[in-house]
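# Structural characterization, general
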Amino acid sequence: MTRPTQQPPAMRALKATYDEARAGREAAEALGPLLALLEPPEAGEAGPLAEVTDLLTAILRNQESTLAAIEGLTARIDATSRKT
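Here's a quick rundown of the structure. (Residues numbered from 1 in each chain as written. Predicted model: local features only at pLDDT ≥ 70, side-chain atom pairs only at ≥ 80, totals over all residues. Heavy atoms only, no water.)

The subject of this paragraph is the overall build of the protein. The helix and strand inventory of the protein stands at three helices and zero strands. Along the protein, from the amino end to the carboxyl end, the secondary structure elements read α-α-α. At 29 Å, the protein has a C-alpha radius of gyration far larger than the 12 Å of a compact globule built from 84 residues. Overall, the protein is about 85 × 55 × 15 Å in size when its C-alpha atoms are taken along their principal axes. Per-residue burial for the protein yields a buried fraction of 1% across its 84 residues. If you sum the accessible surface of the protein, you get close to 7800 Å²; carbon and sulfur atoms cover 63% of it. Where the 9 positive side-chain charges of the protein centre and where its 12 negative ones centre are 14 Å apart. (Helix = DSSP H or I, 4+ residues; strand = E, 2+ residues; numbered from the N terminus. Rg over C-alpha atoms; globule rule 2.2 N^0.38 Å. Buried < 20%, exposed > 50% of the residue type's maximum accessible area, 1.4 Å probe, protein only. Areas by Shrake-Rupley, 256 points an atom, 1.4 Å probe, with all protein chains shown as cover. Lys, Arg positive; Asp, Glu negative; His and termini not counted. Charge placed at Lys NZ, Arg CZ, Asp CG, Glu CD.)

Structure, rendered in structure tokens:
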């Protein structure tokens, strides 16, 4: 039975270095969209970060109004159940 030949240590180290460099490049490329948020906006325009902040604020306000409606309904149900 033949044994698979092992690569020399220098070749294994070179491959490990290449794999780490490739993983680092892929991680850096994945950060591209986040880095675009930091670009300064053009004159008269809101930047992307401001747009994200506005969107999250709108979501939070919607959630607050939904919570208030649920609390109001719960209070009405509790009051109705106490009457009966």
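This part takes up a negative patch on the surface. Among the surface-exposed residues, Glu-42, Glu-45, Glu-51 and Asp-54 lie close enough to one another that they form a single negatively charged patch. Examined against the element boundaries, Glu-51 turns out to sit in helix α3 (residues 48–83). (Patch = residues over 30% accessible without salt bridge, like charges linked within 9 Å, V, L, I, M, F, W, Y side chains within 5 Å. Salt bridge = Lys/Arg side-chain N within 4 Å of Asp/Glu carboxyl O.)

This brings us to the pattern of salt bridges. Using the criterion set out here, one finds three salt bridges in the structure. A salt bridge links Arg-22 to Asp-19, with the shortest nitrogen-to-oxygen separation between them at 4.0 Å. Here Asp-19 and Arg-22 lie together in helix α1 (residues 9–30), a separation of three residues that amounts to about one turn. A salt bridge links Arg-25 to Glu-29, with the shortest nitrogen-to-oxygen separation between them at 3.5 Å. Of this pair, Arg-25 and Glu-29 both sit in helix α1, four residues apart, roughly one helical turn. The exposure class assigned to Arg-25 is partly exposed, which follows from its relative accessible area of 47%. Overlapping salt bridges, with partners in common, bring together Lys-15, Asp-19 and Arg-22 in one network.

Our next topic: the environment of Pro-41. You can see Pro-41 is positioned in the loop between α2 (32–36) and α3. A relative accessible area of 46% places Pro-41 in the partly exposed class. Apart from the residues within four sequence positions on either side, Pro-41 is in contact with Ala-46 and Gly-47. (Contact = heavy atoms within 4.5 Å.)

So, about the environment of Thr-66. For Thr-66, the location among the structural elements is in helix α3. Among the residues examined, Thr-66 registers a relative accessible area of 34% and is labelled partly exposed. A polar atom in the side chain of Thr-66 sits 2.9 Å from the backbone oxygen of Asn-62. (Polar contact = N/O pair within 3.5 Å; in protein donor to acceptor, adjacent residues only side chain to side chain.)

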